[in-house]
Every structure is written in C-alpha cells, then in structure tokens.
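Chains, contacts and geometry: an overview
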Amino acid sequence: MSIDVTRARAETPGTAHVAHFNNAGASLPPQPVLDTVMAHLQLEARIGGYEAEDAARDRLERVYDSIAALLHASREEVAVVENATVAWDMAFYGLAQDFRPGDRILTGVAEYAANYVAYLQVARRTGAVVEVVPNDAHGQLSISALESMMDARVRLISVTHIPTNGGLVNPAAAIGRIARLAGVPFLLDACQTAGQLPIDVEALGCDLLSATGRKFLRAPRGTGFLYVRKALLERLEPPMLDHHAAPWTSADGYTLRPDARRFESWESNIAGKLGLGVAVDYALGWGVEAIWERIRHLAERLRVRLADVPGVIVRDVGQVKCGIVTFTVEGQAPDVVRQRLLAQGINVSVTRRPSTRLDMEARGLGEMLRASVHYYNTEEELERLVGAVAQPSS
C-alpha cells in the first residue's frame, strides 16, 4: 500500500501555507481531526460541557479501541492522559515507589531530558542508582552491553525508542527480549514512534509504553496515552489517584479500577480526546507500514541531499534511521538558519544539548538543526529546504 500524497495534502490545510519539517515537534493535523475538535467545542458552547461529553460517550469509548488497534494491545491496557510526560511519569513513578538503595535503573545514552531528570530525582529519594548502557559502534544502545549489565539488582530498563535527535531507532525488540528473560519491567518511551512506524507491544516486549498525540499521529496538542501490560497492571498502583482511578468505596477505603484507566484522572480535554481517536483512525486508514515506508524514503533522500551541500554535516546515527534528520551548517548558528528558513515558509526546529545531554556531550555537539519529515511532505519541499539551507548567511 502506497501513500496518495496528493490526497494527504488536500486533507491537510497547513500544507497550503508552509513546508512543515517540524513533525517531531507537532505535525500538521488533518481536516478530520480539526473538524472533530471544533465540532465538539461548538457543542460544548451550545449545550454545556458535561452534556456534550454525555452525547459523545460512545465515540469516547471507541478511542480506546483505536489506540489498542494501533498498539496491538487490548483496550483494558490503555489509558488516555494529558500528554506523553504524564503517561511516562505515571508509569515510572508507579514503579519507583518500591525502589530501595542499590536498586538499578538501566537507560540509554540518548535518553530524553524529562525522563533522566525523573531518574535522578528517584535516585536521590530512594538510593537507587541510574546506570547508562553504552552505545554500540552504530550509535544505538548496545545489546551485548545490556546483557552484561543485567543482575538481580536491576529493577527497571527504561529507554527512549526514538530519541529527540540523531535519527536513531533504538533496538527495542532486542531490549524487550532481555527484559522478559530477566523478569525486569521494560518502560518504552514511544513519543516519536507512535504514528511514524508500526508498534506491536507484544513483539517489542515492553511492559509499559508512553506516547503523545501531537507528533507523528497528527492529533491535537495536550493528548497522550499509556499502555500497561495486563500482567503488570494487576500489581502496579499509580503514584496519584482520584475517584475516577480508584472509586471511593467506603469511608476509609477505595478500590483501584481493574484496567489501565487507573492511571487517568476524571477531568480531561474531551475535544482533544475525540481528536486523538480520529487521528489514530486516520493513521490506521493510511496504514502505518505505508507511512513508515514513505517517511524513511523522504528522510533518506533528505540526508543524501543535505550531505551534498558544502559545509553541511548530517549527524544521524543508528542502523535503523527514522524521519528525524539532524544536521549542522559550518559557520552558521542553528537558530539563525532556522529563522532564515522560517522567513521562507519552511519549518524546522533546533535540538539542544540539555534535551539529550549525555548523547550531545559524547558527540561534542551543543545544538543541531532538526528537520523531521512526514508522509504529506513532497520531494519538491525537500528541494526547497535543501536550497534554503545552502544559501549563504547574510
């Protein structure tokens, strides 16, 4: 199945205004998502927020089925939350409640800042230790090193599948096999994965997975979800609860919900949640395998074309590379280049050392330009981007 790019662009209003290469930040939403969100907000304005939610009850329930289909999971293993950070934090801090001095948290060199700061906080509170699995020769997490680091004190393996920079796709399925064999929980940050490449939680071997809507799924900002494997769900209590997550059953007691919605709270963005469900269905309609094929084609073409520009160095690593393309331009600060492109209707972003400190320090990098492609981008837009990057600084 191939992507009908003409149709995709016709259904994406933003493509008429910008060449958008900041999909790793937030993709351009398709018309069905816009229509869904706007229609529900209008309904809230006409009849009231609670009443509009009641009217959308069946569609809200179908959101869980859609996400479950995306992940190859069951609907009982899915929680819909405000964003990927909330999803990840609810999982991590739920696990960390039982950590003790000397317990080991294993993670990767390219781990995202928000996650690593959480590791450090828990390490200070509990006496657990954070240990970084070194990279292999390809710049991805070394499976052989991970195997050698496993022992009875490892309490968690937590890895970002696709880091915010570097184009890397970490070998999650191989990590999952090691975690399963050792009986150690595996938390996978799939923030950049969902909507970009196929996800099968059973094949990946992860016990928990967090993701956002706004990136490659093309859903509204302020939406995210968490997957919790049923076998782990039964023994994992969230770090925070309300009466939605755990109904108040007696004056001095509560009962946790039996499904992953114990990780949710009662109040949520209903319009955004509906938009998330439509965005997931929209991606599934195209076929995530077809999306992934198109993204990889565009990203590899962009890497080749950028590498031909004098002074441009493509900084991507890994055996498998994704739709995130990072590069530097000799003698030009990334922010200056980004602003020059923005003035020409081309959106890119800048990735900085504090976002992935260990990786950037190891590679001697302070900041890079990041161009992230999606299936609605065209080869002509790639050429516009490359031509604009090649322009001399003024």
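What comes next is a walk through the structure. (Residues numbered from 1 in each chain as written. Predicted model: local features only at pLDDT ≥ 70, side-chain atom pairs only at ≥ 80, totals over all residues. Heavy atoms only, no water.)

Focus: the overall build of the protein
A tally of helices and strands in the protein yields 15 helices and 15 strands. Taking 394 residues into account, the globule formula puts the C-alpha radius of gyration at 21 Å, and the protein, at 21 Å, falls close to it. Here the C-alpha coordinates of the protein stretch approximately 70 × 60 × 35 Å along the principal axes. For the protein, with 394 residues in total, the buried portion stands at 56%. (Helix = DSSP H or I, 4+ residues; strand = E, 2+ residues; numbered from the N terminus. Rg over C-alpha atoms; globule rule 2.2 N^0.38 Å. Buried < 20%, exposed > 50% of the residue type's maximum accessible area, 1.4 Å probe, protein only.)

Comments concerning the packing of helix H4 (residues 57-71) against helix H11 (residues 270-286)
Orientation of H4 relative to H11, taken along the N-to-C sense of each, is 40°, at an axis distance of 9 Å. Judged by the inter-axis angle, H4 sits oblique to H11. As H4 runs across H11, the sense of the crossing is left-handed. Of the residues in H11, those touching H4 at Arg 59, Leu 60, Val 63, Tyr 64, Ser 66, Ile 67, Ala 69 and Leu 70 are Ile 270, Lys 273, Leu 274, Leu 276, Gly 277, Val 280, Asp 281 and Leu 284. (Axes fitted to C-alpha atoms, helices over the stretch in contact; angles between N-to-C directions. Parallel < 35°, antiparallel > 145°, perpendicular 65-115°, else oblique. Left-handed = near helix turned anticlockwise from the far one by under 90°. Contact = heavy atoms within 4.5 Å.)

Focus on the pairing of strand E7 (residues 208-212)
Extensive coverage of E7 is indicated by the burial of 5 of its 5 residues. Burial along E7 is two-sided: Leu 208, Ser 210 and Thr 212 and Leu 209 and Ala 211, pointing in opposite directions, are all buried. Pairing geometry for strand E6 (residues 186-189) and E7, over 3 bridges, is parallel. Residue pairing for E7: Asp 189 is matched across the bridge by Ser 210. Where E7 lies against strand E8 (residues 224-228), 5 bridges are found, and the strand directions are antiparallel. Bridge pairing in E8 links Ala 211 to Phe 225. (Pairing = 2+ DSSP bridges.)

Quick word on the nonpolar core
In this structure, Ile 157, Leu 209 and Phe 225 are the most contacted members of the largest nonpolar core, which totals 88 residues. Sort the elements by how many residues they give to this core and helix H12 (residues 288-307) lands first, with 9 residues. Excluding anything up to four places from it in sequence, Ile 157 contacts Leu 106, Leu 146, Met 150, Ile 175, Ala 179, Val 184, Pro 185, Phe 186 and Leu 187. (Core = buried A, V, L, I, M, F, W, Y, C linked by side-chain atoms within 4.5 Å.)

Observations concerning the packing of aromatic side chains
According to the stated counting rule, one finds 9 aromatic pairs in the structure shown. An angle of 70° between the planes, with centres 5.2 Å apart, marks the rings of Phe 92 and Tyr 93 as edge-to-face. On the accessibility criterion, Tyr 93 (18% relative accessible area) is buried. Sitting over the ring of Trp 286, Arg 7 keeps its end group 4.0 Å from the ring centre. One residue, Arg 261, lies across the ring of Tyr 64, its end atom 3.6 Å from the ring centre. (Phe/Tyr/Trp six-rings, centres within 6.5 Å; stacked < 30°, edge-to-face > 60°. Lys NZ or Arg CZ within 6 Å of the ring centre and 35° of its normal.)

Examining the sheet that holds strand E12 (residues 324-329)
Within the open sheet, the 4 strands sit side by side as E11-E12-E15-E14. Their pairing is antiparallel. With partners counted over all chains shown, the strands left at the sheet margins are strand E11 (312-314) and strand E14 (349-352), one partner each. Across the sheet, the axes of successive neighbouring strands diverge by a mean angle of 40°, strand direction being ignored. In terms of strand pairing, E14 meets strand E15 (residues 367-372) through 4 bridges, oriented antiparallel. Across the sheet, the residue bridging to Val 350 is Leu 369, located in E15. In this fold helix H13 (residues 334-342) packs onto E12, E14 and E15, with an angle of close to 30° to the strand it touches most, E15.

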